[in-house]
Amino acid sequence: QKEVEQNSGPLSVPEGAIASLNCTYSDRGSQSFFWYRQYSGKSPELIMFIYSNGDKEDGRFTAQLNKASQYVSLLIRDSQPSDSATYLCAVSENYGGSQGNLIFGKGTKLSVKP
Amino acid sequence: KAGVTQTPRYLIKTRGQQVTLSCSPISGHRSVSWYQQTPGQGLQFLFEYFSETQRNKGNFPGRFSGRQFSNSRSEMNVSTLELGDSALYLCASSFVASEETQYFGPGTRLTVL
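Note on numbering: residues in each chain are counted from 1, in written sequence order. All chains are assigned letters beginning with A, and all ligands numbers beginning with 1, in the order in which they are written. Whole-chain, interface and lining totals are the exception, using all residues; otherwise, since this is a predicted model, local features are given only for residues with pLDDT of at least 70 and side-chain atom pairs are given and counted only at 80 or more. Excluded from the side-chain calculations are hydrogens and water; all other atoms, namely the structure's heavy atoms, are used.

Novice: Can you walk me through the overall build of chain A in this structure?
Specialist: In terms of helices and strands, chain A carries 0 helices and 11 strands. Numbering of helices and strands starts at the N terminus; helices are DSSP runs of H or I of at least 4 residues and strands are runs of E of at least 2. Helices (α) and strands (β) of chain A occur, in sequence order from the N terminus, as β-β-β-β-β-β-β-β-β-β-β. Expressed along its principal axes, the backbone C-alpha trace of chain A runs to roughly 40 × 30 × 20 Å. Burial classes: relative accessible area under 20% of the type maximum marks a residue as buried, over 50% as exposed, and values in between as partly exposed (1.4 Å probe, protein chains only). Across the 114 residues of chain A, 46% fall into the buried class. In this description, accessible areas are obtained by the Shrake-Rupley approach with a 1.4 Å probe, and a residue is regarded as covered only by the protein chains that are shown. On chain A, roughly 5300 Å² of surface is accessible, and the fraction owed to carbon and sulfur atoms is 46%. When charges are counted, Lys and Arg contribute as positive and Asp and Glu as negative, whereas His and the chain ends are disregarded. Where a charge lies is defined by one atom per residue type, namely NZ (Lys), CZ (Arg), CG (Asp) and CD (Glu). Across chain A, the 11 positively charged side chains and the 11 negatively charged ones have centroids separated by 3 Å.

Printed below as a string of structure tokens:
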């Protein structure tokens with residue numbers, strides 16, 4: 001059974017702080033890793049993806065991947081109240097090609113306090 | 001460009017009935033995936049269609065089925081509804097050549113009584 005584990009939270013951080021969200025996965029064959037944000041009552045939206053070990057930065061967001069440890073994280077710098085949402089980690093065994101058949105974690109609820 | 005649309009947005013059915021949900025992908029997108037989201041299980045993959053062919057299937061019973069039409073629109077059907085089928089059903093589309101981004105629709109909230 002391929003699993004993606006996330007701390008359900010809630011994770012509470014003050015405005016302006018760094019929020020750190022973590023995710024582990026069980027399938028060593030996983031190749032692609034995605035972070036989605038889901039606001040309450042809304043559908044998920046892709047924040048960023050990462051394929052290679054190391055860090056990938058996009059604005060205030062940094063994804064980190066360590067395939068040896070089967071660990072992927074998302075850092076949100078200068079957290080804003082608008083970042084308050086549930087963050088979903090998803091993995092795929094596909095490297096390139098279709099993203100279908102994503103396996104999702106159950107999400108970490110982030111709350112950014114003003 | 002219009003986003004992914006799903007109809008209906010809300011649906012109430014009783015046990016034993018069947019239901020059909022519809023998804024229209026973003027124009028030009030050829031891949032459509034379906035997911036079920038529940039508080040207990042989170043987001044779970046149902047199936048993926050590309051060019052009218054099912055490419056991947058999740059671990060759901062045969063009561064769950066789908067299809068894709070030549071215009072890339074997709075439907076999913078659930079027969080003999082059970083209480084546990086109550087969920088948000090999300091459709092996502094992607095342009096296969098650009099594998100990174102899968103855009104989700106607003107979902108269909110199905111309640112089974």
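Novice: I would appreciate a short explanation of the pairing of strand β5 (residues 45–50) of chain A in the present structure.
Specialist: Regular strands have side chains that alternate between both faces of the sheet. All names here are of chain A. When DSSP finds two or more bridges between two strands, those strands count as paired. Direction of pairing for strand β4 (residues 32–38) relative to β5: antiparallel, over a ladder of 5 bridges. Residue Phe 34 lies in a different strand from β5, and its bridge partner there is Phe 49. The antiparallel hairpin formed by β4 and β5 contains 6 residues in its connecting segment, where Gly 41 sits at a positive phi of about 80 degrees.

Novice: Help me understand the state of the cysteines, please; the structure alone is not making it clear to me.
Specialist: Working definition: the covalent bond between the sulfur atoms of two cysteines is a disulfide. The term disulfide is used for any two cysteine sulfur atoms that are within 2.5 Å. A complete count under the given rule lists 2 disulfides over all chains for this structure. What pairs with Cys 23 of chain A in a disulfide is Cys 89 of chain A, and their sulfur atoms sit 2.1 Å apart. Given an S-S torsion of about -70 degrees, the disulfide between Cys 23 of chain A and Cys 89 of chain A has left-handed geometry. Placement of Cys 23 of chain A in strand β3 (residues 19–25) and of Cys 89 of chain A in strand β9 (residues 85–92) is noted, with a sequence separation of 66 residues between them. According to the relative accessible area criterion, Cys 89 of chain A is buried, its value standing at 1%. Here Cys 23 of chain B engages in a disulfide with Cys 91 of chain B; their sulfurs sit 1.7 Å apart.

Novice: Where do I start with the nonpolar core in this structure?
Specialist: The nonpolar side chains of soluble globular proteins are, as a tendency, buried together. Take the buried Ala, Val, Leu, Ile, Met, Phe, Trp, Tyr and Cys residues and link them wherever side-chain atoms come within 4.5 Å; each set so joined is a nonpolar core. Among the nonpolar cores identified, the biggest contains 23 residues, and Phe 33, Trp 35, Val 72, Leu 74, Ile 76, Tyr 87 and Leu 110 of chain A are the most heavily contacted of them. Elements with a contribution of two residues or more to this core: β3, β4, β5, β7 (61–66), β8 (71–76), β9 and β11 (108–113) of chain A. Setting aside chain neighbours within four positions, we find Val 72 of chain A in contact with Leu 21, Asn 22, Cys 23, Phe 33, Trp 35, Ile 50, Gln 64, Leu 65 and Cys 89 of chain A. Counting residues in hydrophobic clusters, the runner-up holds 21 residues, among them Leu 11, Leu 21, Val 32 and Phe 64 of chain B. Contact criterion: two residues are considered in contact whenever any of their non-hydrogen atoms come within 4.5 Å of each other.

Novice: Explanation requested: the pattern of salt bridges in the structure shown.
Specialist: Side chains bearing opposite charge may pair, as long as their charged atoms lie close to each other. Every case where a carboxyl oxygen of Asp or Glu lies within 4 Å of a side-chain nitrogen of Lys or Arg is listed as a salt bridge. Considering all chains together, one arrives at 9 salt bridges over all chains under this definition. For Asp 27 of chain A, the salt bridge identified is with Lys 2 of chain A, shortest N-O distance 3.7 Å. Of this pair, Asp 27 of chain A sits in the loop between β3 and β4 while Lys 2 of chain A sits in the segment before β1 (4–6); the two residues are 25 residues apart in sequence, bridging distant segments of the chain. You can call Asp 27 of chain A partly exposed: its relative accessible area is 21%. Judged by relative accessible area, Lys 2 of chain A falls into the partly exposed class, the value being 40%. Across the pair Arg 63 of chain B and Asp 85 of chain B runs a salt bridge, and its minimum N-O distance is 2.8 Å. Of this pair, Arg 63 of chain B sits in the loop between β6 (53–57) and β7 (64–68) while Asp 85 of chain B sits in the loop between β8 (74–78) and β9 (87–94), and the two are 22 residues apart along the sequence.

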